[in-house]
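Here are the chains, one letter per residue:
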Amino acid sequence: MELSLRERIRAGDPEAFAELFTAHARAVYGHAARLTGDRGTAEDVVSLTFLEAWRLRERLRAEAAGLDQDTGTPADESLRSWLYGIATNVLRNVRRAARRHSAALARLPDRDPLPDFADDLVGRMEDAARLTAARTALSRLRSGEREVFALCVWSGLSYAAAGEALGVPASTVRSRLARARQRLRRLSEAELARQEKARPGPRTGQVPGGRPETARSTQEKHR
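Quick caveat, the model's predicted, so the values are computed rather than measured.

### Describing the nonpolar core
Phase 1 of the analysis: Ranked by size, the top nonpolar core spans 41 residues in total, and within it Ile9, Leu20, Phe50, Trp82, Leu83 and Leu151 carry the most contacts.
Phase 2 of the analysis: Among the secondary structure elements, those contributing two or more residues to this core are α2 (14-36), α3 (39-55), α4 (75-106), α6 (126-139), α7 (143-154), α8 (159-166) and α9 (170-198).
Phase 3 of the analysis: When residues of this core are assigned to their parent elements, the largest contribution, eight residues, is made by α4.
Phase 4 of the analysis: Residues within four places of Trp82 in sequence aside, it is in contact with Leu20, Ala53, Leu56, Arg57 and Leu60.

As structure tokens, this is what we get:
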């Protein structure tokens, strides 16, 4: 009988692992890119995820009749959730490393700040403002809520598959996702309001074209 892809991966078949990469690398990249907001970091996460998957290949569970014998999820989805589980751990390590890096930079002497025009540009683009607000709000979710939101909403995993990736029951995924959606909506609205409040408005006494209102009124009196 021909060995399944999962069995070939467990046996260390390089061609089977190449098939796994071809089938799921793009999905892992999208998952990482949405959580990090950085293409370069997402590419690093993909590389580290598949390196870890190769190292941990013998721990991949067996399957039966096209289903994962432990979770009952379809074999292909179970392989994908296995990779997402590894990617989740890689992302956690990446975030820890980023926090350590930020802490190290904070200890350096202050430098003269450079002007940043990004906020002004975002303020003129409603869609970009909403994307920025959503990304900021997502970063403020608890890690468990952020992970289930990314897996279930962005990557389309079922509760069971997301639970397999995270090592928690499907009921836990469901409750975390409900909380994540509520908090994400509230935090996004608050961030949009903060951006709107911080957005620079027109100067008092100015009219389009940059002429003071008082000057125009004086000229009109002498006509």
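### So, the pattern of salt bridges
Phase 1 of the analysis: Scanning the entire structure with this criterion turns up 10 salt bridges.
Phase 2 of the analysis: Here Arg95 makes a salt bridge to Glu147, at a shortest N to O gap of 3.6 Å. In this pair, Arg95 is assigned in helix α4 and Glu147 in helix α7, connecting sequence segments 52 residues apart.
Phase 3 of the analysis: Overall, Glu147 belongs to the buried group, its relative accessible area being 4%.
Phase 4 of the analysis: Note that Arg183 is salt-bridged to Glu145, the shortest N-O span being 3.0 Å. With Arg183 in helix α9 and Glu145 in helix α7, this residue pair connects regions lying 38 residues apart in the sequence. The same class applies to Arg183 as to Glu145, namely buried.

### Describing the packing of α7 against α9
Phase 1 of the analysis: Relative orientation of the contacting elements α7 and α9 amounts to 100 degrees, with a least axis distance of 8 Å. Considered as vectors, α7 and α9 are oriented roughly perpendicular to each other. Mapping the contact onto sequence places Gly144, Glu145, Val148, Phe149, Cys152 and Val153 in α7 and Val173, Arg176, Leu177, Arg179, Ala180, Arg181, Arg183 and Leu184 in α9.
Phase 2 of the analysis: Residues of the contact of α7 with α9, tallied by class, amount to eight nonpolar, one polar and five charged.

### Re the packing of aromatic side chains
Phase 1 of the analysis: Tallying each qualifying case throughout the model produces four aromatic pairs.
Phase 2 of the analysis: For the ring pair Phe17 and Phe50, a centre distance of 6.2 Å and an interplane angle of 90 degrees mean the geometry is edge-to-face. Note that Phe17 is positioned in helix α2 and Phe50 in helix α3, a separation of 33 residues in sequence. You'll find Phe17 and Phe50 in the same group, each marked buried.
Phase 3 of the analysis: An angle of 85 degrees between the planes, with centres 5.1 Å apart, marks the rings of Phe17 and Trp54 as edge-to-face. Of the two residues, Phe17 sits in helix α2 while Trp54 sits in helix α3, which places them 37 residues apart along the sequence.
Phase 4 of the analysis: Residue Trp54 is classed as partly exposed on the basis of its relative accessible area of 32%.
Phase 5 of the analysis: Among the aromatic side chains, those forming a connected cluster through ring pairs are Phe17, Phe21, Phe50 and Trp54.

### Re α3
Phase 1 of the analysis: The terminal C-alpha atoms of α3 lie 24 Å apart, and with 17 residues this matches the ideal 24 Å at 1.5 Å per residue to within 8%.
Phase 2 of the analysis: Put simply, Asp38 is the residue that caps the front of α3, since its side-chain oxygen is 3.1 Å from the backbone nitrogen of Gly40.

### Considering α2
Phase 1 of the analysis: Taking the largest bend as the criterion, α2 deviates by roughly 50 degrees, centred on His24.
Phase 2 of the analysis: Within the sequence span of α2, burial applies to Ala16, Phe17, Leu20, His24, Ala25, Val28, Gly30, His31, Ala32 and Leu35.
Phase 3 of the analysis: At the N-terminal end of α2, a side-chain oxygen is found 3.0 Å from the backbone nitrogen of Glu15, two or three residues along, and the residue is Asp13.
Phase 4 of the analysis: Of the residues one or two after α2, Gly37 is the one with positive phi, at around 70 degrees.

### A few points about the confidence of the model for the chain
Phase 1 of the analysis: In this model, the chain carries a mean pLDDT of 76, and residues with pLDDT of at least 70 account for 67%.
Phase 2 of the analysis: Considering each helix and strand of the chain separately, the mean pLDDT is smallest for helix α5 (residues 118-123), with a value of 42, and largest for α3, with 93.
Phase 3 of the analysis: Across residues 112-125 the pLDDT falls below 50, and counting only partners more than four positions away or on other chains, this stretch makes four contacts in the model.

Conventions we followed
Residues numbered from 1 in each chain as written. Predicted model: local features only at pLDDT ≥ 70, side-chain atom pairs only at ≥ 80, totals over all residues. Heavy atoms only, no water. Core = buried A, V, L, I, M, F, W, Y, C linked by side-chain atoms within 4.5 Å. Buried < 20%, exposed > 50% of the residue type's maximum accessible area, 1.4 Å probe, protein only. Helix = DSSP H or I, 4+ residues; strand = E, 2+ residues; numbered from the N terminus. Contact = heavy atoms within 4.5 Å. Salt bridge = Lys/Arg side-chain N within 4 Å of Asp/Glu carboxyl O. Axes fitted to C-alpha atoms, helices over the stretch in contact; angles between N-to-C directions. Parallel < 35°, antiparallel > 145°, perpendicular 65-115°, else oblique. Nonpolar A, V, L, I, M, F, W, Y, C, P; charged D, E, K, R; others polar. Phe/Tyr/Trp six-rings, centres within 6.5 Å; stacked < 30°, edge-to-face > 60°. Expected span 1.5 Å × (residues − 1). Polar contact = N/O pair within 3.5 Å; in protein donor to acceptor, adjacent residues only side chain to side chain. Bend = angle between axes of the 7 residues up to and from the residue. pLDDT = per-residue confidence, 0-100.

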